[in-house]
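Summary of structural features
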Amino acid sequence: MNLNDYEAIWKRQELPVGPGADLAALRGTFEKKRRKLAATLLMRDILEASAGAFVSGVFAYSWWHMGKEGWPMVFAIALILGISGFFVRERFRSHRLRLGPDVPLVAKVEADIAELRHQRHLLLNIWSWYLMPCGGAIVIGGATVVRVLIIKVQPEFFSALRQHPSALAWIIAYVVSVLPLCFWGVWALNRRAVRRQIEPRLEELEKLRQSLLA
């Protein structure tokens, strides 16, 4: 799965001004930005759900080649399918909360505020519902491959690996440093997206909402 999807999602949005935004400009661009946000989230959910299904298929194919010794792969598949299911649920939630074209502007503004607060919560907690399941699936998949190699592969393979310590060192470095660093980078990028995109836009919408109520 593409772990940079969330940063890309919010980069497609215009950089908001924040509480200093002009009210007339906020009114004039509200519908356009609202539609753009909805379309972007729709694309995100479809791509992520599809990517999860594809990765699960790759894990299942690997399990089939490993034979019965590859049974732990079922847990990796379950974790990835759980992420896909999360995005499918997001689509149903979005459809259920969709507003009609005749709804007053203030109701649409309040709906966007609620949606952005929800997205902010998701991005700030991306470790729990996205990165940890992905990491768990990777660990389970890697451990299963090692297990199958120990069971099925001749001892000469491990002797050859010991004779090439650079290859072994690269594998260890990737597992203990590169992969965690990538995950940390995704977490940091998404927090920046919240700080630079979502929170200023929330301030803009709160300002617009107050002017409408007044």
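The text that follows walks through the structure, step by step, so that each part is easy to find. As the structure is a prediction and not an experimental result, all values here were calculated from the model.

The subject of this paragraph is the overall build of the protein chain. A count of helices and strands for the protein chain gives 7 helices and 0 strands. Listing every helix and strand of the protein chain by position from the N terminus yields α-α-α-α-α-α-α. Here the contacts in the protein chain between residues at least 6 apart in sequence split such that 87% fall between residues at least 24 apart. When the accessible surface of the protein chain is split by element, carbon and sulfur atoms take 67% of a total near 12500 Å².

So, on to the pattern of salt bridges. Side chains that differ in sign of charge can pair as their charged atoms come close. Summed over the entire model, instances satisfying the criterion amount to 11 salt bridges. With a closest N to O distance of 3.9 Å, Glu 90 and Arg 44 form a salt bridge. On the criterion of sequence distance, the pair formed by Glu 90 in helix H3 (residues 73-96) and Arg 44 in helix H2 (residues 23-66) is long-range, its members being 46 residues apart. This pair shows no difference in class: Glu 90 is buried, exactly as Arg 44 is. Residue Arg 117 pairs with Glu 206 through a salt bridge whose shortest N-O separation is 2.6 Å.

With that settled, the discussion passes to helix H4 (residues 105-124). Helical geometry: 3.6 residues make up each α-helical turn, so side chains three or four residues apart lie on a common side. Here H4 spans 29 Å end to end across 20 residues, near enough to the 28 Å set by a 1.5 Å rise per residue. Restricting attention to buried positions, one finds in H4 the residues Lys 108, Val 109, Asp 112, Ile 113, Glu 115, Leu 116, Gln 119, Leu 122 and Leu 123.

On to the packing of aromatic side chains, then. Under the definition given, this model contains 8 aromatic pairs. Relative to Phe 75, the ring of Trp 71 has its centre 6.2 Å away and its plane inclined at 70°; by these criteria the two rings are edge-to-face. Ring centres of Phe 86 and Trp 129 lie 4.4 Å apart, and the angle between their planes is 20°; this geometry places the pair in the stacked category. Of the two residues, Phe 86 is situated in helix H3 and Trp 129 in helix H5 (residues 126-152); the sequence distance between them amounts to 43 residues.

Axis separation between H3 and H5 bottoms out at 8 Å; the angle between their running directions is 160°. Here H5 runs roughly antiparallel to H3, going by the angle between their axes. Of the two possible hands of crossing, H3 and H5 adopt the one that is left-handed. Here Met 73, Phe 75, Ala 76, Leu 79, Ile 80, Ile 83, Phe 86 and Phe 87 of H3 come into contact with H5, specifically with Trp 129, Tyr 130, Pro 133, Cys 134, Gly 136, Ala 137, Ile 140, Gly 141 and Thr 144. Looking at the contact of H3 with H5 residue by residue, the classes come out as 14 nonpolar, 3 polar and no charged.

What counts, and at which threshold
Residues numbered from 1 in each chain as written. Predicted model: local features only at pLDDT ≥ 70, side-chain atom pairs only at ≥ 80, totals over all residues. Heavy atoms only, no water. Helix = DSSP H or I, 4+ residues; strand = E, 2+ residues; numbered from the N terminus. Contact = heavy atoms within 4.5 Å. Areas by Shrake-Rupley, 256 points an atom, 1.4 Å probe, with all protein chains shown as cover. Salt bridge = Lys/Arg side-chain N within 4 Å of Asp/Glu carboxyl O. Buried < 20%, exposed > 50% of the residue type's maximum accessible area, 1.4 Å probe, protein only. Expected span 1.5 Å × (residues − 1). Phe/Tyr/Trp six-rings, centres within 6.5 Å; stacked < 30°, edge-to-face > 60°. Axes fitted to C-alpha atoms, helices over the stretch in contact; angles between N-to-C directions. Parallel < 35°, antiparallel > 145°, perpendicular 65-115°, else oblique. Left-handed = near helix turned anticlockwise from the far one by under 90°. Nonpolar A, V, L, I, M, F, W, Y, C, P; charged D, E, K, R; others polar.

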